[in-house]
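Overview (structure and organization)
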Amino acid sequence: MTLQQEIVGNAMQMAVVSLHPGQTVYCEAGKFLFKTTNVTMETRLTGPSNGQQPQGGSTPGGGSGGMGGMLRQAMGTAMQVGQRVLAGESIAFQYFTSQGGEGTVGFAGVLPGEMRALELDGTRAWFAEKDAFVAAESTVDFGIAFQGGRTGMKGGEGFVLEKFTGHGTVIIAGAGNFIDLNPADFGGRIEVDTGCVVAFEEGIEYGVQRVGGLNRQGLMNAVFGGEGLSLATLEGNGRVILQSLTIESLANALKKAQGGDKQGPTGGLFSTNAG
């Protein structure tokens, strides 16, 4: 059943979701805005892959129930929560189900910017930056994808990505305005500020490279260019979504407005995030 949703607003968009009777949508804790009274709300530690099992469903004689089943379910929950903690994500999800008729739920991101509804058909996963996830149908699985250590440490978005698989609609949010690109239209590869990557399809290879060589121009780029030492690289044939505003630039602008600009005249390599 397709998720009926409408993204409204301009500078700070929100997603208004219409639910059929019995249909469920879930969101990361803190992304919920409003709901109609016939929509129930339940908070769980599990994603939909193992969070839809009946409560108290132990069966005599073992099988998938009993103490063994409860232990496996508890271990699965602990692994999911542990991954999300390592990724800096919310440890809980909120589930909304319409009862006795059609219902409406509203969601939003946490930064001024756009939202986008992605349709998954089961053939390709989607990957997104941390905190991009807003809400999804219960038929979409939310997971954490760990990047290689060297790539992650050099990338401004950390070493983890959100991963969405399954069938259905997932709604993501970012900062500023979005642009959709395909690296195949630009010779197969694009280089991007590490903070501008919002999401990309499975099949796109994500990496991080140093800005220039260890020479005079490379050092000039790093020190005065405002990009630091690294750029993100995206290669392949698939959809990529970029954002025009990075969290770091927003934070620096707010600090400057409050008289606490830590970027200094050079920016780039010598900028800090300290308060």
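The paragraphs below set out a description of the structure included in this document. This is a predicted model, so every value here is computed, not measured. (Residues numbered from 1 in each chain as written. Predicted model: local features only at pLDDT ≥ 70, side-chain atom pairs only at ≥ 80, totals over all residues. Heavy atoms only, no water.)

Brief notes about the nonpolar core
Counting residues in hydrophobic clusters, the biggest one holds 21 residues, and the most contacted among them are Phe133, Phe164, Val170 and Ile172. Listing elements by their share of this core, those giving two or more residues are strand E6 (93–98), strand E8 (115–121), strand E9 (126–128), strand E10 (133–137), strand E11 (140–146), strand E12 (160–173) and strand E15 (197–201). Here this core gets four residues from one element, more than from any other, and that element is E12. Ignoring anything within four residues of it in the chain, the contact list for phenylalanine 164 reads Leu120, Ala125, Trp126, Ala128, Phe133, Val140, Asp141, Phe142, Val170 and Ile172. (Core = buried A, V, L, I, M, F, W, Y, C linked by side-chain atoms within 4.5 Å. Buried < 20%, exposed > 50% of the residue type's maximum accessible area, 1.4 Å probe, protein only. Helix = DSSP H or I, 4+ residues; strand = E, 2+ residues; numbered from the N terminus. Contact = heavy atoms within 4.5 Å.)

Here's the deal with the environment of leucine 111
By secondary structure assignment, the location of leucine 111 is in the loop between strand E7 (103–108) and E8. Its relative accessible area of 25% is what places leucine 111 among the partly exposed residues. Taking the C-alpha atoms as reference points, leucine 111 and alanine 173, separated by 62 residues in sequence, lie 8.1 Å from one another. In contact with leucine 111, not counting residues within four places along its chain, are Met12, Gly174, Ala175, Ile247 and Leu250.

A closer look at the sheet that holds strand E14 (residues 189–192)
The strand order E14-E17-E16 describes an open sheet built from three strands, whose pairing is antiparallel. Each edge of the open sheet carries a strand with a single partner, namely E14 and strand E16 (205–210). Sheet twist, expressed as the average angle between the axes of neighbouring strands with direction ignored, equals 30°. Where E14 and strand E17 (residues 230–235) come together, four bridges link them in antiparallel fashion. (Pairing = 2+ DSSP bridges. Axes fitted to C-alpha atoms, helices over the stretch in contact; angles between N-to-C directions.)

Quick notes on the side chain of glutamine 243
Along the chain, the position of glutamine 243 falls in strand E18 (residues 240–243). For glutamine 243, a relative accessible area of 4% puts it in the buried group. Side-chain polar atoms of glutamine 243 contact the backbone nitrogen of alanine 175, separated by 2.9 Å. Within the structure, glutamine 243 has its side chain in polar contact with the backbone oxygen of glycine 195 (distance 2.9 Å). Discounting residues that sit within four places of it in the chain, glutamine 243 has contacts with Glu129, Gly174, Ala175, Asn177, Phe178, Gly195, Cys196 and Val198. (Polar contact = N/O pair within 3.5 Å; in protein donor to acceptor, adjacent residues only side chain to side chain.)

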